[in-house]
Amino acid sequence: MVDVSRYYGTGEGRITALSHVDFDVKAGDFTVIAGLSGSGKSTLLHLLGCIDKQDDGRIIIDGTDTTMMSLEELAPIRLEKIGFVFQSFNLVPVLTAYENVELPLLFKGLDKHTIKARVGDILDELGLNERKKHYPREMSGGQQQRVAIARALVTKPSLILADEPTANLDSQTGTSIIDLLIDLNIKKGVSLVLSSHDSVVVDRISNIVYISDGSIKKASRKNPP
Ligand SMILES: Nc1ncnc2c1ncn2[C@@H]1O[C@H](COP(=O)(O)OP(=O)(O)OP(=O)(O)O)[C@@H](O)[C@H]1O
Ligand SMILES: [Mg+2]
């Protein structure tokens with residue numbers, strides 16, 4: 001992100017959600033965006049994830065300048081490169097765990113056989129095999145968030161964006177979700193950007209970017225590699 005700004009509304013009621021933000025994610029990074037409620041964390045992640053458009057500045061993903069591209073034109077980039085995990089899981093309620101995870105692969109148009117193998121593998125890996133046929137309402141918050149992570153991972157994205165993935169979970173379940181994400185980062189080299197205002201989460205990750213009133217105030221790396 002180069003000098004990116006995002007405004008909501010017009011005239012006197014205009015809100016600056018992000019103001020002249022420069023932000024860089026390198027392959028294999030695990031970065032936490034920390035900041036108070038309303039500071040601009042979700043806005044930043046939505047822009048990075050190509051599910052919202054900036055009003056100013058440039059966003060370059062893997063060498064492609066997305067600035068002039070519409071959200072529709074960005075769909076293939078989202079599908080190929082990025083997985084998104086939301087605070088409230090955002091699973092499709094009328095689909096089972098298996099079907100929720102299968103969805104992005106159906107969009108990609110993969111054949112049935114490959115889809116079955118990939119979905120099976122990822123559900124296995126995240127310990128969800130027993131929950132395959134269950135609907136979101138039949139699962140705990142932690143299980144639903146693991147299904148959401150499986151859905152984000154199944155396309156083998158190089159970048160996962162997670163917007164307060166532990167906010168709706170108790171602290172023990174939240175910690176296990178963070179452990180899972182750290183593991184994915186280390187073992188699979190998936191780049192991760194996660195937002196949180198929970199110090200338990202922030203303290204676990206070495207690369208922290210602090211945001212306040214839509215501006216990045218400070219970046220720190222506690223344990224440089
Ligand atoms: N659709 C919208 N319309 C108007 N204002 C918005 C909209 N979305 C966000 N904002 C405003 O933009 C600012 C940044 O919001 P954002 O959702 O990015 O904050 P956040 O850091 O994710 O907060 P939280 O921790 O509560 O999720 C806030 O002042 C918010 O009220
Ligand atoms: Mg938010």
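Whatever comes next refers back to the structure up there.
Residues numbered from 1 in each chain as written. Chains lettered and ligands numbered in written order. Predicted model: local features only at pLDDT ≥ 70, side-chain atom pairs only at ≥ 80, totals over all residues.

Below, the discussion takes up the packing of helix α3 (residues 97-108) against helix α4 (residues 112-125). In helix packing, the relevant descriptors are the interaxial angle and the interaxial distance, both defined with respect to the helix axes. Two numbers describe how α3 lies on α4: the axes approach to 10 Å, and their chain directions differ by 125°. As summarised for this structure, α3 and α4 are arranged oblique, according to the angle between their axes. Crossing hand, α3 versus α4: right-handed. Within the contact between the two elements, α3 uses Ala97, Tyr98, Val101, Glu102 and Leu105 and α4 uses Ile115, Arg118, Val119, Ile122 and Leu123. Its residues assigned to classes, the contact of α3 with α4 comprises 8 nonpolar, no polar and 2 charged. (Axes fitted to C-alpha atoms, helices over the stretch in contact; angles between N-to-C directions. Helix = DSSP H or I, 4+ residues; strand = E, 2+ residues; numbered from the N terminus. Parallel < 35°, antiparallel > 145°, perpendicular 65-115°, else oblique. Left-handed = near helix turned anticlockwise from the far one by under 90°. Contact = placed C-beta atoms within 7 Å. Nonpolar A, V, L, I, M, F, W, Y, C, P; charged D, E, K, R; others polar.)

The antiparallel open sheet is built from 3 strands, whose spatial order is β2-β1-β4. For this open sheet the edge positions go to β2 (15-21) and β4 (56-58), each flanked by a neighbour on one side alone. On average, each strand axis in the sheet is inclined to that of its neighbour by 20°, with strand direction left out of account. Relative to β4, strand β1 (residues 2-8) runs antiparallel, the two being bridged by 2 bridges. Residue pairing across strands places Val2 opposite Arg58, the latter belonging to β4. Together, β1 and β2 form the strand contacts of helix α1 (residues 41-48), whose direction differs from that of β2 by roughly 60°. (Pairing = 2+ DSSP bridges.)

What follows is about helix α5 (residues 141-153). Here α5 contains 13 residues, and its C-alpha end-to-end distance of 18 Å stays within 8% of the 18 Å for a straight helix at 1.5 Å per residue. When you tally the buried positions in α5, you get 11 out of 13 residues, the bulk of the element. For α5, the set of buried residues is Gln143, Gln144, Gln145, Arg146, Val147, Ala148, Ile149, Ala150, Arg151, Ala152 and Leu153. Here the buried face of α5 lies against β7 (82-85), α3, α4, β8 (159-163) and α6 (171-188). (Expected span 1.5 Å × (residues − 1). Buried ≥ 20, exposed ≤ 12 C-beta atoms within 10 Å, placed from the backbone.)

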